[in-house]
Amino acid sequence: MVPAMQVLALAGLMRSIQATTGPVFQAVGRPNIDTKWQVVRLIVLATTIYPLTLLWGMLGASIAVFASIFVTFLGCSVMVIKVTGCDIRSYNKVVACPLVAGLFMVAVIFVLKGVVDTVGLLVFVLFVLLGFFVYVGFTYILDKFLHYGVWLLIKRSFDSFRGVQ
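Residue numbers run consecutively from 1 along every chain, following the written order of its sequence. Local features in this predicted model are restricted to residues of pLDDT 70 or higher, and side-chain atom pairs are both shown and tallied only at a pLDDT of 80 or more, whereas totals for entire chains, interfaces and linings draw on every residue. Calculated side-chain values reflect all of the structure's heavy atoms, with hydrogen atoms and water omitted.

## Considerations on the overall build of the protein chain
Turning to step 1, where the next piece is worked out: Helices and strands together make up the secondary structure of the protein chain, namely seven helices and zero strands.
Turning to step 2, where the next piece is worked out: Note on conventions: DSSP H or I runs of at least 4 residues are helices, E runs of at least 2 residues are strands, and numbering of each starts at the N terminus. Walking the protein chain from its N terminus toward its C terminus, one meets helices and strands in the order α-α-α-α-α-α-α.
Turning to step 3, where the next piece is worked out: The C-alpha extent of the protein chain, read off along each of the three principal axes, is 55 × 50 × 30 Å.
Turning to step 4, where the next piece is worked out: Only protein chains enter the accessibility calculation, which uses a 1.4 Å probe. A residue is then buried if its area is under 20% of the maximum for its type, exposed if over 50%, and partly exposed in between. Within the span of the protein chain, comprising 165 residues, buried residues form 25% of the whole.
Turning to step 5, where the next piece is worked out: At a minimum sequence separation of 6, the contacts of the protein chain that also span at least 24 residues come to 65%.
Turning to step 6, where the next piece is worked out: Accessible surface, the protein chain: about 11200 Å² in total, of which carbon and sulfur atoms supply 75%.
Turning to step 7, where the next piece is worked out: Computed over 12 positive and 5 negative side-chain charges, the separation of the two mean positions in the protein chain equals 7 Å. Contacts were defined at the residue level, with two residues in contact if any of their heavy atoms lie within 4.5 Å. For every accessible area listed, the method is Shrake-Rupley and the probe measures 1.4 Å; residues are considered covered only by the protein chains on display. Charge assignment in this entry is limited to Lys and Arg as positive and Asp and Glu as negative, and neither His nor the chain termini are counted. In this description, the location of a charge corresponds to atom NZ of lysine, CZ of arginine, CG of aspartate or CD of glutamate.

This is how it looks when you write it as structure tokens:
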């Protein structure tokens, strides 16, 4: 059951990135692009879920879900680049920084889970807090070296909450 949940967590990560493409298609007046890719997702899921579930049970079903989301992630990403006229390097910079920070956070927690032998609510809360600080710290490092601009965005967001122009 744990491997299936890990695959579904990865699918959720891909879906969270892919979900941001829908509003872009709506904004440029082309919502049909998102609809078409969701049909592709349905076809991939419908054709893979039964055979993979027979082969590997719950893990196979989660792989089928991941495969369907991954196909739409790739397709929608290519279409967003085409629709917005954005170059691939700019798009990858925007997507890659949070993805790399997230993968680094997962790696740190994965290593620490192998070291820490206890289980409980306190350990869970500590891992969540550690994950938050690792993600924020790694994002800060990426921002300093790649000039990502996330800290300026955070500052502007806090200023807007306080009503500062």
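## Points about helix 4 (residues 58-84)
Residues spaced three or four apart along an α-helix face the same direction, because each turn holds 3.6 residues.
Turning to step 1, where the next piece is worked out: Given the number of residues in a helix, its expected span is that number minus one, multiplied by 1.5 Å. In this model helix 4 runs 39 Å from its N-terminal to its C-terminal C-alpha over 27 residues, within 8% of the 39 Å that 1.5 Å per residue would give.
Turning to step 2, where the next piece is worked out: Positive phi shows up at Gly85, right after helix 4, with a value of about 75°.

## Examining the confidence of the model for the protein chain
Turning to step 1, where the next piece is worked out: For the protein chain, the mean per-residue pLDDT works out to 88, and 99% of the residues sit at or above 70.
Turning to step 2, where the next piece is worked out: The secondary structure element of the protein chain with the lowest average pLDDT is helix 7 (residues 150-162), at 80, and the one with the highest is helix 3 (residues 31-56), at 96. pLDDT measures the predictor's confidence residue by residue and takes values from 0 up to 100.

## With respect to the packing of aromatic side chains
Turning to step 1, where the next piece is worked out: Only Phe, Tyr and Trp rings are paired, with Trp represented by its six-membered ring, and only when their centres lie within 6.5 Å; those with planes under 30 degrees apart are stacked, over 60 edge-to-face, the remainder tilted. Counting across every chain of the model gives four aromatic pairs.
Turning to step 2, where the next piece is worked out: Centre to centre, the rings of Phe66 and Phe70 are 5.8 Å apart; their planes meet at 20°, and the pair counts as stacked. Taken together, the residues Phe66 and Phe70, both in helix 4 and four residues apart, mark about one turn of the helix.
Turning to step 3, where the next piece is worked out: Ring plane angle 70° and centroid distance 5.2 Å describe the contact between Phe132 and Phe133, whose orientation is recorded as edge-to-face.
Turning to step 4, where the next piece is worked out: By relative accessible area, Phe133 is classed as exposed at 55%.
Turning to step 5, where the next piece is worked out: Three or more aromatic residues joined by ring pairs make a cluster, and in this case those are Phe66, Phe70 and Phe73.

## Re the state of the cysteines
Turning to step 1, where the next piece is worked out: Two cysteine sulfur atoms make up a disulfide if the distance between them is within 2.5 Å. Within this structure, the stated rule accounts for zero disulfides.
Turning to step 2, where the next piece is worked out: Free of any disulfide, Cys76 has its nearest neighbouring cysteine sulfur in Cys86, separated by 15 Å.
Turning to step 3, where the next piece is worked out: Judged by relative accessible area, Cys76 falls into the buried class, the value being 0%.
Turning to step 4, where the next piece is worked out: Take Cys97: it sits in no disulfide, and the sulfur closest to it among the cysteines is that of Cys86, at 13 Å.

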